[in-house]
Amino acid sequence: MKKILMVLTSHSEMEHTDSKTGVWLGEFTDPYYTFIDEGYEVILSSPKGGRPPIDPMSELTEHITASNRRFNDDEQAKDRFAHTIPINQVRQADHDAVFYPGGHGPIWDLAVDNNSGLLILDFLDAGKPVAAVCHGPAALISAEHQRPGFLKGKRVSAFSNAEETLVGRSGNMPYLLQTKLEESGAEVKTALVPFLPHVETDGLLITGQNPLSAGPVAKALITALEQKETPGG
């Protein structure tokens, strides 16, 4: 059975506010069940291990997805979520692909986590796909630190500056993700209209713009894995 590693943030604090952040629940649950339903085994990890924080906003009624409701009734999934493996204990060789959900947390922890950055490079060097959605692409910044020039010319998508302004959290973050990726040489592509789904595939790197892009990024990752299995793919 093919194994997909999902790396979740361990960070919950925003700057200059009492508001909390963490994993955007739908960006975890939508891909998780996409993978599970296609017969993949999913392994969960995070920088600190244990239960990642969940962004309270992602649990509000207007953001609840069908996969969120499924997760709430899924004791096995909730147990896995509560016992993520510390990222320094996971190896690329044990998995076939890696997926980084968002929520604002990765802006702080995964962007500077050396273990995560090295893991991303290990996957790509081994010819294995790497996917990330919304603020998950912040993890690519650590890979850039490990290998300067890694992001130069890479075509990616991520939560846009316009979306950040519209959700009112741009003043509670140390930097804007789109700007940071562009400063690192990446070419950031986004939908013409904020909050519409958008996915970019650049070789083995698959990235999505926002919560509605999480499911499509997961499907693109599965397609990449299936193409690897096809002779000549």
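As the structure is a prediction and not an experimental result, all values here were calculated from the model.

A. Main features of the overall build of the chain. When helices and strands are tallied, the chain shows eight helices and nine strands. A compact globule built from 233 residues should have a C-alpha radius of gyration of about 17 Å, and the chain, at 16 Å, falls within 12% of that. If one aligns the C-alpha atoms of the chain with their principal axes, the spans along those axes are about 50 × 45 × 35 Å. Taken across its 233 residues, the chain has 54% of its residues classed as buried. Counting only carbon and sulfur atoms, one obtains 49% of the accessible surface of the chain, whose full area is about 10,000 Å². Positive and negative charge centroids in the chain, built from 20 and 31 side chains respectively, lie 4 Å apart.

B. Representation of the sheet that holds strand β9 (residues 205-208). Strands sit in the order β3-β2-β1-β4-β5-β9-β8 across an open sheet of seven strands; the sheet is mixed. Where the open sheet ends on each side, the last strands, each with one partner, are β3 (85-86) and β8 (199-202). Packed on one face of the sheet, helix α4 (residues 114-125) meets β1 (3-7), β4 (97-100) and β5 (130-133) and runs near 140° to β4.

C. Spatial organisation of the pattern of salt bridges. All told, the structure shown has nine salt bridges when counted by the stated rule. The salt bridge partner of E75 is K78, with a shortest N-O separation of 3.2 Å. On the criterion of helical spacing, the pair formed by E75 and K78 is a turn pair, its members being three residues apart in helix α3 (residues 75-82). In this structure E75 comes out as exposed when scored by relative accessible area, which is 56%. Accessibility expressed as a relative area gives 28% for K78, which makes it partly exposed.

D. Just the environment of R147, in detail. Tracing the sequence through the fold places R147 in the loop between α5 (139-146) and β6 (155-156). Residue classification places R147 among the partly exposed residues on the basis of a relative accessible area of 36%. In this structure the C-alpha to C-alpha distance between R147 and G117, which are 30 residues apart in sequence, comes to 8.9 Å. Here D125 takes part through its side chain, which lies 2.8 Å from a polar atom of the side chain of R147.

E. View of the nonpolar core. Ranked by internal contacts, the top residues of the largest apolar core, which has 35 residues, are L5, Y100, I120, F150, L177 and L181. Listed by contribution, the elements that provide at least two residues to this core are β1, β4, α4, β5, α5 and α7 (177-183). With five residues, the top contributor of residues to this core is α4. Excluding residues that lie within four positions of it along the chain, F150 makes contacts with I120, L121, L124, L140, A143 and E144. Ranked by size, the runner-up nonpolar core spans 31 residues in total, among them L8, V23, C134 and L221.

Calculation rules
- Residues numbered from 1 in each chain as written.
- Predicted model: local features only at pLDDT ≥ 70, side-chain atom pairs only at ≥ 80, totals over all residues.
- Heavy atoms only, no water.
- Helix = DSSP H or I, 4+ residues; strand = E, 2+ residues; numbered from the N terminus.
- Rg over C-alpha atoms; globule rule 2.2 N^0.38 Å.
- Buried < 20%, exposed > 50% of the residue type's maximum accessible area, 1.4 Å probe, protein only.
- Areas by Shrake-Rupley, 256 points an atom, 1.4 Å probe, with all protein chains shown as cover.
- Lys, Arg positive; Asp, Glu negative; His and termini not counted.
- Charge placed at Lys NZ, Arg CZ, Asp CG, Glu CD.
- Pairing = 2+ DSSP bridges.
- Contact = heavy atoms within 4.5 Å.
- Axes fitted to C-alpha atoms, helices over the stretch in contact; angles between N-to-C directions.
- Salt bridge = Lys/Arg side-chain N within 4 Å of Asp/Glu carboxyl O.
- Polar contact = N/O pair within 3.5 Å; in protein donor to acceptor, adjacent residues only side chain to side chain.
- Core = buried A, V, L, I, M, F, W, Y, C linked by side-chain atoms within 4.5 Å.

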